[in-house]
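Take a look at the letters that make up each chain.
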Amino acid sequence: MKNRSELVPVQTRVPPRGAPGDDLGRPRCSMDLAIAGKPRVITQGTLSMNRFCRRTALAVLASVGVWATVPAQAQEIPVRFQLDWRFEGPSAFFLLPAAKGYFKAEKLNVTIDAGNGSGNAVNRVASGTYDMGFADLAALMEFHANNPTAPNKPVAVMMVYNNTPAAVFSLKKAGIGKPADLAGKKLGAPVFDAGRRAFPIFQKANNVGTVQWISMDPPLRETMLAKGDVDAITGFYFTSLLNLEARGVKPEDIAVMPYPAHGVKLYGNVIIASEDFLKKNPEAVKGFLRAFAKGAKEVFADPKGAIAHVKARDGIIDPALEERRLRLAIESAIATPDARAEGFGDVRAPRLALMASQVGDAFATRTRVNPDAVWNGSFLPAAAERNVLPAAKR
C-alpha cells in the first residue's frame, strides 16, 4: 500500500481557453469528476479546489439572483407622446415633468415629439404610431363620428384646456365690434384651424350671417389680416394675438372675440390615449396623468422657470415670448372659472354632451358623436392630486 504522500490527485484536463464550457480555462472541480462517474481521490489540493468551487458557485448564484431582479425593478413602459403643435410655451406642461423625472418615477419612459395640428395628433395615435397625445377635443369627436368602426380610436382621459382658446380677431379700424358685424366679411384661416372648424357653432350662437372664407397656410394668417387682405381671422387666442404683435400691430389696435365669451362653451385640448394602450397599460396611463398633474402645479407656480425646459428642446425659441404665450394659455384656457368649478382635468357630462351634439352638426359628421365613447375619466388622479390650479385673481 502506498503511503499518503504517494497518493495521486485526481487528474484534471485544462481545455484550451475560449473553448465552449471551459469557464475561461479553469480546472474542473473534483465534484465535477465524481458526477461524471470518474474515481474521486481526496487530497489537500482537492479540498482547496472544492472550497474554491463552493465559493465560486455561491458567488455565481448570488450574482444571478441580483441580475434576475434587475429587469423587474428597472423595467419602464415606453410611452410615445405626440404634441398638437411645436415646442412653444404650453408644451412646458409636458416637458417639465419629463425633464424633472416625474414620468420616470412612475416607471415610464416617455418620449415627446412636436406636432402639426390636432387632427394629425389624433390620426397618429389612432394608427398606433404614438400611444398618447395632446389634441383638440372637437377633432377627436370628429374622428370618432367619421370612423365608427376604426379598431383603435383614441380616447380622452384628461381635460387640459377647459375652455377652447379659439377666437375671432380683427383690427379695430375695420369696425367689427360684435359678432353680428362679421356678416358679409372675409374671414381667413387654414382649413384645419380649430376656430374655423367650430365657427358654425359661434355663428349660430350669435346669429351671424353668411361670411366668405379665405384659406391660407398658418404663417400667412396674421400677415394677411395686418395687410388688410381679410377682414378677420380665427385662431387660438395665445397664438394669433402674439403673431399680430410680432407683425407690428399694436395691442390697442386689435379687437378680439373669444368663443367662450360669446356663448360657445366648447372644451379645448385634452390628453388622449389609444384604446389598445389603455387596455394593455392602464396603470401606465394613470401614472402618466399623476406625473402630468404634479408637473402642472410647478408650471402654474413658475411659468418663467418652466420655459427653460421648452428652451432645452428648441434652442431657437424666444423665452420671453413663450413665457407670455404660456401665461395667456393659462389665463384664457386652463385656469378658468369653468375649470375651477369642474375640477382641473375633469369634465361635466351635460356640457360634454352638448358639445358632442354641436360638433356633429357643425362638422357634418357621418354619425352622431357619442360623448361616452370619446371620454373616460376613470384614469384621472384623485381630486386632491389635481388640486393644482393657481389662486384665482381678484
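Structure: see above.
What you are looking at is a predicted structure, and each value in this text was computed from that prediction instead of being measured. (Residues numbered from 1 in each chain as written. Predicted model: local features only at pLDDT ≥ 70, side-chain atom pairs only at ≥ 80, totals over all residues. Heavy atoms only, no water.)

## Quick word on the sheet that holds strand 8 (residues 232–236)
Reading across from one edge, 7-6-8-5-9 is the order of the five strands in this open sheet, with mixed pairing throughout. With partners counted over all chains shown, the strands left at the sheet margins are strand 7 (212–214) and strand 9 (254–258), one partner each. Taken pair by pair, the neighbouring strands of this sheet meet at an average axis angle of 30°, ignoring direction. Direction of pairing for strand 6 (residues 186–188) relative to strand 7: parallel, over a ladder of three bridges. What sits directly across from G188, in strand 7, is I214. In this fold helix 10 (residues 237–246) packs onto strand 5 (166–171), strand 8 and strand 9, with an angle of close to 125° to the strand it touches most, strand 8. (Pairing = 2+ DSSP bridges. Helix = DSSP H or I, 4+ residues; strand = E, 2+ residues; numbered from the N terminus. Axes fitted to C-alpha atoms, helices over the stretch in contact; angles between N-to-C directions. Contact = heavy atoms within 4.5 Å.)

## Describing the packing of aromatic side chains
Throughout the structure, instances matching the rule amount to 15 aromatic pairs. Considering the side-chain rings of F94 and F292, the 5.0 Å spacing of their centres and the 35° angle between planes classify their relative orientation as tilted. Here the residue F94 occupies a position in helix 3 (residues 92–99), and F292 occupies one in helix 12 (residues 282–301), the gap between them amounting to 198 residues. Summarising the burial analysis for this pair, F94 and F292 share the class buried. Cluster of aromatic residues (ring-pair linked, three or more members): F81, F93, F94, F103, F134, Y161, F236, F238, F288, F292, F300 and F344. Against the face of F363 rests R197, its NZ or CZ located 4.4 Å from the ring centre. A cation over a ring is seen here: R351 above Y267, with NZ or CZ 3.8 Å from the ring centre. (Phe/Tyr/Trp six-rings, centres within 6.5 Å; stacked < 30°, edge-to-face > 60°. Buried < 20%, exposed > 50% of the residue type's maximum accessible area, 1.4 Å probe, protein only. Lys NZ or Arg CZ within 6 Å of the ring centre and 35° of its normal.)

## Thoughts on the pattern of salt bridges
According to the stated counting rule, one finds 19 salt bridges in the structure shown. As a salt-bridge pair, R325 and E88 come within 3.7 Å of each other at their nearest N and O atoms. With a gap of 237 residues between them, R325 in helix 14 (residues 319–334) and E88 in the loop between strand 1 (77–82) and helix 3 connect regions that are remote in the sequence. Neither R325 nor E88 differs from the other in exposure class; each is buried. (Salt bridge = Lys/Arg side-chain N within 4 Å of Asp/Glu carboxyl O.)

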